[in-house]
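Geometric and topological summary
Here is how the chains run, residue by residue.
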Amino acid sequence: MKISKKMMPLAVLLAVVVVLAIALAVLSGLDTEEETGLPLFELDPDSVTAVSYQQQDEEDPVDVTLLYADETWTLSDDPTLPLDQETTANLAADIAGLTALRDLGTDAETEEMGLDEPTAVLRLAVDGGDITAEPATGETASGLYTLTIGAENSVTGAYYAKGSWGDSVYTIDSSDLSGLFKTPRQLYADQEITDLETTDLTAMTVELPGETLNFAYDGETWTLADDPDYPLDQDIVTKMASTLCSLKSQWSITSPEADSVYGLDSPDAIVTLTGSDGTTVTARFGAVSAEDDTVSYLQASTAPDVVYEIASSNLSAYAYTKDSLQAATDETATEESSEEDIIAENPVGGADDYVSSVPADE
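Residue numbers run consecutively from 1 along every chain, following the written order of its sequence. Under the rules for a predicted model, residues below a pLDDT of 70 receive no local features and side-chain atom pairs below 80 are neither given nor counted, while totals for whole chains, interfaces and linings still include all residues. Note: side-chain values were computed over all heavy atoms of the structure, leaving out hydrogens and water.

**Examining unusual backbone geometry**
For the record, the criterion: Secondary structure counts use DSSP, requiring at least four H or I residues in a row for a helix and at least two E residues in a row for a strand, with both numbered from the N terminus. Working definition: with a 1.4 Å probe on protein chains only, accessible area under 20% of the residue-type maximum means buried, over 50% means exposed, and in between means partly exposed.
Here the phi dihedral of Asp-70 falls at roughly 55°; this positive angle occurs in a residue that is not glycine. On the secondary structure map, Asp-70 appears in the loop between strand 3 (62–69) and strand 4 (72–75). Under the relative-accessibility criterion, Asp-70 is labelled exposed at 74%. Even without being glycine, Glu-71 reaches a positive phi, approximately 60°. Structurally, Glu-71 can be placed in the loop between strand 3 and strand 4.

Rendered as structure tokens:
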């Protein structure tokens, strides 16, 4: 059947539409494949009992081994360090679920892929496999999987990788590797120093280098135990108590050195809280870190074998003496008002300059 000249443009347009539709379908399929990825570790994530990873960073290399037992993740070389279990479990799942962009096969030229001097190494052990075992061919038989990450392709931004379970070389999207090499500090679970609430307190003792302050609390008002009529600034004293009640650690030193290393032999403050049920907690506030002035050290009776790193800003809550804790009264307010009136009537630089009339210290 011949196509008339009038129908020719329509036929050409129809052919173009068909070709575009086919191309779109093919591209959509590729996108779906790339989005889904090729699973690298074909295993049940719930069977993973150990994870280790090393990242060869010149400035800050990472070498972490995590073990799972009794429904708890621990750090291999510091088992008592508290880890955020949700963060650690998600990390293990992300590693176990890692996918490849492409399988380059077994014949790929690997000389320029950096696999001999890897950027990183990831290992998984399942069902109690020994994560520390020496790498060997066919590790999956012994419950071990090792993935060696090589160099980054400067054009695609993907990394080359090779698994211990076969000879294929893969490419992995750099964004999939980002965030997998967490340091122990990034996995750390901050610790509450005490579970006492400010409203549960009946007493507080604050030992300072120059004096010791003993406070009593009746549920509404703080007073000095040895001078109950002394007018205390309630906001400041409440802050003293609430600082320790709400304090959380930033890091735990589970095998601390001598107290003098952390300034705990001569602390800036020793604070003891007493709850209504008789429970007490004592915290010693040590020195500010020489390496980071935003960090200071603390040791608490709730964990006497541990030294905590805390925010050094907490120290300011105890930078007071009895005199500086005095609240304004009608009498002190009148004295301050009188002094302000004198200064206002005789401004600095005037004929009767109040400041210049005050005798200088000899």
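The structure having been displayed, the exposition proceeds.
**Considering the nonpolar core**
Rules: For this analysis, a nonpolar core means a set of buried residues of the types Ala, Val, Leu, Ile, Met, Phe, Trp, Tyr and Cys, connected via side-chain atoms within 4.5 Å.
Tyr-53, Met-204, Phe-215, Phe-285 and Tyr-318 are the most contacted members of the largest nonpolar core, which has 77 residues in total. Here this core takes six residues from helix 5 (residues 234–245), the largest share from any one element.

**Overview of the packing of aromatic side chains**
To keep things clear, this is the line we draw: Note on ring pairs: Phe, Tyr and Trp rings are taken, using the six-membered ring of Trp, and paired if centres are within 6.5 Å. Classes follow the plane angle, with under 30 degrees stacked, over 60 edge-to-face and the rest tilted. Only lysine NZ and arginine CZ atoms are considered, and such an atom sits over a ring when it is within 6 Å of the ring centre and within 35 degrees of the ring normal.
Applying the stated criterion to the full structure yields ten aromatic pairs. Each ring, one from Phe-215 and one from Trp-222, has its centre 6.4 Å from the other, and the planes form 90°; the classification is edge-to-face. In terms of burial, Phe-215 and Trp-222 fall into one category: buried. Chaining the aromatic ring pairs together yields one cluster made of Phe-41, Tyr-145 and Trp-165. A cation over a ring is seen here: Arg-185 above Trp-251, with NZ or CZ 4.4 Å from the ring centre. Taking the ring centre of Tyr-230 as reference, the NZ or CZ of Lys-322 above it sits at 4.9 Å.

**With respect to the side chain of Thr-49**
As a reminder, the rule being used: Any pair of N or O atoms that falls within 3.5 Å is considered a polar contact. Within protein, one atom must be able to donate a hydrogen and the other to accept it, and sequence-neighbouring residues count only if both atoms are side-chain atoms.
Along the chain, the position of Thr-49 falls in strand 2 (residues 48–55). Polar contacts involving the side chain of Thr-49 include one to the main-chain amide nitrogen of Gly-128, which spans 2.9 Å.

**Examining the sheet that holds strand 6 (residues 102–105)**
What counts here: We call two strands paired when DSSP finds no fewer than two bridges between them. Between N-to-C directions, angles span 0 to 180 degrees; the directions come from axes that are lines fitted to C-alpha atoms, helices contributing only their stretch in contact.
Pairing in this open sheet of eight strands is antiparallel, and the strands run 4-3-2-7-8-9-10-6 from one edge to the other. Edge strands, defined here as strands with exactly one partner in the open sheet, are strand 4 and strand 6. For this sheet the average axis-to-axis angle between neighbouring strands, irrespective of direction, equals 20°. Both strand 2 and strand 7 (residues 120–126) contribute to a ladder of seven bridges, which runs antiparallel. Residue pairing across strands places Val-48 opposite Val-126, the latter belonging to strand 7.

**What about the side chain of Asp-78?**
Quick reminder of the rule: In this count, Lys and Arg are taken as positive residues and Asp and Glu as negative ones, while His and the chain termini are left out. We count a salt bridge whenever a side-chain nitrogen from Lys or Arg sits within 4 Å of a carboxyl oxygen from Asp or Glu.
Within the secondary structure, Asp-78 sits in the loop between strand 4 and helix 2 (85–96). Buried and unpaired, Asp-78 has Arg-185 as its nearest opposite-charge partner, separated by 9.9 Å. Within the structure, Asp-78 has its side chain in polar contact with the side chain of Thr-254 (distance 2.8 Å).

**Notes on the sheet that holds strand 15 (residues 269–275)**
Strand pairing in a sheet takes place through backbone hydrogen bonds and is either antiparallel or parallel in direction. Cut-off, in case you're wondering: When checking whether two residues touch, look at their non-hydrogen atoms; a contact exists if any pair is within 4.5 Å.
Strand order in the open sheet formed by eight strands is 13-12-11-15-16-17-18-14, and the pairing between neighbours is antiparallel. The open sheet has two edge strands with one neighbour each: strand 13 (222–224) and strand 14 (251–253). For this sheet, the mean angle separating the axes of adjacent strands, direction not counted, is 25°. Of the strands in this sheet, strand 11 (201–207), strand 12 (212–217), strand 13, strand 15 and strand 16 (280–288) are in contact with helix 5, which crosses strand 11 at around 90°.

In short, the description is geometric, and any link to function would need to be established separately.
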